[in-house]
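# Descriptive structure summary
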Amino acid sequence: MDEKDTTIHMEEDKVTGGKVLAVSKTVANYEEAQHTQTKTNALKENWKGIGWCMYMFFICIMFGYDSLAGGIVISIQEFRKDFGYPYAGDYVVSADWQLGFQAATLGGLVIGGWVTGLMVNRWGRQICVFFGYFFTIGGVFLQYFSKTPAHFFGAKLLTGIPLGCFVTIAPTYASEVAPLVIRGAVTAGTNFAIVLGQLLGYGVTRQASFYSGSAQYKVIFAVQWGFAAVGLIVLPFFPESPYWLVAHGKHEKARKNIVRLHNSSYDVDGHMAEIHDALARQRQDEEKKASFMECFTKKNWRRTLVCVSVIFIQNACGNSWVIGYMSYFMQLGGLSTAKAFDASVGMSGVMVVGNLFGAFLVERFGRRDTALWGTGTLCISLFVIGIAACIKSSSAIWAQVGFMGIWSFVYQATIGSVAWPIISENTSSSLRVQSQALATMTNGLSACIWGFALPYAINPDQGNLGGKIAFVFGSVLVFAVAYIWWQIPETKGRTYIEIDELWERGVPAWKWKKTELVSVVE
């Protein structure tokens, strides 16, 4: 064949001597354009698609908002009065019910992830989002009008289901629609949306404190109706991912959606050819093969392990402890309850800024290095917090708070942000939603384990570990750092065809970055 037909982007592997990747001319031209595109041009060419990714992240704001609201209402006296019992001149909610409320949300998260993995395969994302909002409206209605802890438990279960749905759908959609050069940064926007939701939750709680009676906590719930209303207004115009449409034989619709998602100069034929190639290489064009069981076959189990392990590492970093108990440690340091709350709001703002840095780090240093060095830094921070907890002084308490602040920034800038592109990019194209659903379920289950164990480990009348619990999280991260180096590959700058090829060839994770593929036309 002619030289112009055989060489599209010719690279020599410095380590293994080069690996040949055979593709069609149309796909090769399209992927060459993706590899050489600048970030500025990517934004100009794909701004409509990125806009729809922002809509996906909008629905994830509720994940952060609800997860915060469900816990913070316990601190509101009117809520304790309505759902608790008198104790020592105040009102308290039974510890069993507090754990029950948390379990309901996390259980709903697991159920939502599982059901979404099944539903998307058959009906697509739009229908799933619609039913997610349906459950949101019903769950918030039950929260608002609950009279007993049992009612509230049922409400938390209902609102937890759409959270599992939204956080499964959003990152997978973003990773399929975003251009290659900023795919990681865009997909990491999932975490930004979650943290933004938490920040909004703090703000609403602050303003709701000026109301009297049960409105102090009911307003917090009612705000979620506003999220649902906005989401439902936009939903009818939502363009389904071309990957899903092609996998289900809707080729013309996929072509129309590619046109909708990009500007007039976009290579529609190249994109369509790449999608066909990516699906064909996995030999999973048929809808029936995109199942949970397929994630655990000999061909896919290692990719699935990467997806679920990175979300487990997220929770093993101690996020439930640092975020949940920071205000408590500030009060131990001498701050009033109101000032400790305000400081927590400020720390939430630091986390938002950390997420913005995360979008830069993911693309500048890659997925693997961001996760590796970030987890290592978190490990060191946790050991410092643990050492400070062994010292009995107010200065030591503030040292713990200070390193909690450092932890918060680093967590959001690294593993908090990068986990989402790692999950979405390491799955095969046909199993992306199913793998993300398994990660969502792992998120709920692992968060449940830490959430139930922490009160018994930290409370003075139980384990009384206090800040020394940081040693536990830090020790887990020692193994996590080793695992990331051994198993998490670098997917920055790789098209999905290239990622599939590297997994198929069994290239070790630590060699992905230096392994360059030679693309030739078949």
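Chains are numbered independently. Their residues run from 1 in the order of the written sequence. It should be noted that, the model being predicted, local features are given only for residues of pLDDT at least 70 and side-chain atom pairs only at 80 or more, the latter also being counted only at that level, while totals for whole chains, interfaces and linings use all residues. To obtain the side-chain values, all non-hydrogen atoms of the structure were included, while hydrogens and water were left out.

### What to know about the overall build of the chain
The condition that has to hold: In this text, helices come from DSSP runs of H or I with a minimum length of four residues, and strands from runs of E with a minimum of two, each type numbered from the N-terminal end. For each residue, the accessible area found with a 1.4 Å probe, counting protein chains only, is set against the maximum for its type, and the residue is called buried under 20%, exposed over 50%, and partly exposed in between. Here, two residues are considered to be in contact whenever any of their heavy atoms come within 4.5 Å of each other. Only the protein chains shown count as cover for residues, and the accessible areas themselves come from Shrake-Rupley with a 1.4 Å probe.
Secondary structure summary: the chain contains 22 helices and 4 strands in total. Here the chain, with 522 residues, has 57% of them falling under the buried criterion. For the chain, restricting intrachain contacts to residue pairs at least 6 apart in sequence, the fraction spanning at least 24 positions comes to 80%. Here the chain displays about 21100 Å² of accessible surface, and carbon together with sulfur accounts for 65% of that area.

### Let's talk about the nonpolar core
Spelled out, the test is: Throughout, nonpolar core names a set of buried Ala, Val, Leu, Ile, Met, Phe, Trp, Tyr and Cys residues whose side chains join them through atoms within 4.5 Å.
Among the nonpolar cores identified, the biggest contains 127 residues, and Tyr55, Met56, Phe79, Val129, Trp321 and Ile415 are the most heavily contacted of them. Broken down by element, the residue count for this core peaks at 14 residues, all from helix α3 (residues 39-72). Formed by 8 residues, the second largest nonpolar core is a distinct cluster that contains Val110, Phe292, Cys295 and Leu438.

### A short note on the packing of helix α5 (residues 95-123) against helix α7 (residues 149-177)
Worth spelling out the cut-off: Lines fitted to the C-alpha atoms define the axes, with helices restricted to the stretch that makes contact. Angles between their N-to-C directions range from 0 to 180 degrees. A clockwise turn of the near helix away from the far one marks a right-handed crossing, whereas an anticlockwise turn of less than a right angle marks a left-handed crossing. When residue character is reported, Ala, Val, Leu, Ile, Met, Phe, Trp, Tyr, Cys and Pro are called nonpolar, Asp, Glu, Lys and Arg charged, and the others, Gly included, polar.
The N-to-C vectors of α5 and α7 enclose an angle of 35°; their axes lie 6 Å apart at closest approach. In the crossing of α5 with α7, the sense of the turn from one axis to the other is right-handed. Taken together, the residues of the contact of α5 with α7 sort by class into 16 nonpolar, 10 polar and 1 charged.

### Overview of a nonpolar patch on the surface
Keep this limit in mind: A patch consists of residues exposed above 30% relative accessible area that lack any salt bridge, with like charges linked at up to 9 Å and nonpolar side chains (Val, Leu, Ile, Met, Phe, Trp, Tyr) linked at up to 5 Å. What counts as a salt bridge is simple: a side-chain nitrogen of Lys or Arg found within 4 Å of a carboxyl oxygen of Asp or Glu.
On the surface, Trp123, Ile127, Phe130, Phe131, Phe134 and Phe135 cluster together to form a nonpolar patch covering roughly 600 Å² of accessible area. Here the nonpolar patch gets 5 residues from one element, more than from any other, and that element is helix α6 (residues 125-145). Mapped onto the fold, phenylalanine 135 is located in helix α6. On the accessibility criterion, phenylalanine 135 (31% relative accessible area) is partly exposed.

### So, the side chain of glutamine 314
Worth spelling out the cut-off: Contacts described as polar in this section are N or O atom pairs within 3.5 Å, which, within protein, must combine one atom able to donate a hydrogen with one able to accept it, while residues neighboring in sequence count only if both atoms come from side chains.
On the secondary structure map, glutamine 314 appears in helix α14 (residues 301-316). Of the residues examined, glutamine 314 reaches a relative accessible area of 4% and is grouped as buried. A distance of 3.3 Å separates a polar atom in the side chain of glutamine 314 from the backbone oxygen of isoleucine 415.

### Observations concerning the environment of phenylalanine 221
Along the chain, phenylalanine 221 falls in helix α10 (residues 215-234). Sequence-distant contacts of phenylalanine 221, defined by excluding residues within four places in its chain, comprise Val73, Phe79, Val140, Gln143, Tyr144 and Phe152.

### Observations regarding the packing of α6 against α7
Two packed helices can be described by the angle between their axes and the distance between those axes. Filter applied, for reference: The labels follow the angle: roughly parallel below 35 degrees, roughly antiparallel above 145, roughly perpendicular from 65 to 115, and oblique for the rest.
Across the interface, α6 lies against α7 with an axial gap of 8 Å and an inter-helix angle of 155°. Between α6 and α7, the interaxial angle falls into the category roughly antiparallel. Both α6 and α7 take part in a crossing whose hand is left-handed.

### Observations regarding helix α21 (residues 470-487)
The following threshold applies: By definition here, a helix of n residues has an expected span of 1.5 Å times n minus one.
End to end, α21 covers 25 Å across 18 residues, agreeing with the expected 26 Å (1.5 Å per residue, within 8%). Within the span of α21, buried status applies to Ala470, Phe473, Gly474, Leu477, Ala480, Tyr483, Ile484 and Gln487.

### Let's talk about the pattern of salt bridges
Tallied over the entire structure, the rule returns 12 salt bridges. Note that glutamate 363 is salt-bridged to arginine 367, the shortest N-O span being 3.4 Å. The exposure classification of glutamate 363 matches that of arginine 367, with both residues buried. Among the salt bridges present, the one from glutamate 501 reaches arginine 505, with a minimum N-O distance of 2.8 Å. Of this pair, glutamate 501 and arginine 505 are both found in helix α22 (residues 496-505), 4 residues apart, which corresponds to roughly one turn of the helix. Owing to a relative accessible area of 14%, glutamate 501 belongs among the buried residues under this scheme. Beyond isolated ion pairs, a larger network of salt bridges with shared partners links Arg125, Glu176, Glu240 and Arg432.

### Brief notes about the packing of aromatic side chains
To keep things clear, this is the line we draw: Pairing of aromatic side chains requires ring centres within 6.5 Å, counting the rings of Phe and Tyr and the six-membered ring of Trp. Pairs whose planes differ by under 30 degrees are stacked, by over 60 edge-to-face, and all others tilted.
The tally for this structure, following the rule as stated, stands at 33 aromatic pairs. Here phenylalanine 79 and phenylalanine 152 contribute two aromatic rings whose centre-to-centre distance is 5.1 Å and whose plane-to-plane angle is 65°, an arrangement assigned as edge-to-face. Separated by 73 residues along the polypeptide, phenylalanine 79 in helix α4 (residues 77-83) and phenylalanine 152 in helix α7 bring together distant segments of the chain. Across the pair, exposure class does not vary: phenylalanine 79 and phenylalanine 152 are buried alike.

### A short note on the confidence of the model for the chain
To be explicit about the condition: In predicted models, pLDDT denotes the confidence assigned by the predictor to each residue on a 0 to 100 scale.
Mean pLDDT for the chain: 87, with 90% of residues reaching 70 or above. Considering only residues more than four positions removed or in separate chains, one finds that residues 1-17, a stretch of pLDDT under 50, has 34 contacts. Here residues 284-288 is a poorly scored stretch, pLDDT under 50, and it has 14 contacts once near neighbours within four places are set aside; other chains count.

### Concerning the side chain of threonine 168
Tracing the backbone through its elements, the reader meets threonine 168 in helix α7. If we skip the residues at most four places from it in the chain, threonine 168 touches Gly113, Thr116, Val433, Gln436, Ala437 and Thr440.

### A short note on a positive patch on the surface
The condition that has to hold: Asp and Glu count as negative and Lys and Arg as positive, but His and the ends of the chain are not part of the count. One atom stands in for each charge, and that atom is NZ of Lys, CZ of Arg, CG of Asp or CD of Glu.
Together, Lys250, Lys253, Lys256 and Arg260 make up a region of like positive charge exposed at the surface. If you trace the backbone, arginine 260 turns up in helix α12 (residues 251-261). Arginine 260 sits in the partly exposed class, given a relative accessible area of 38%.

### Observations regarding the environment of threonine 427
Assignment of secondary structure puts threonine 427 in the loop between α19 (415-425) and α20 (432-458). Sequence-wise, threonine 427 and tyrosine 496 are 69 residues apart; in three dimensions their C-alpha atoms are separated by 8.9 Å. With residues near it in sequence (within four places) discarded, threonine 427 still touches Arg303, Cys307, Arg432, Ser435 and Asp500. A polar side-chain atom of threonine 427 sits 3.3 Å from the main-chain carbonyl oxygen of serine 424.

### Brief notes about α22
Most of α22 is tucked away: 8 of the 10 residues are buried. All of the buried residues in α22 are Tyr496, Ile497, Glu498, Ile499, Asp500, Glu501, Leu502 and Trp503. One or two residues past the end of α22 sits glycine 506, with phi positive at roughly 70°.

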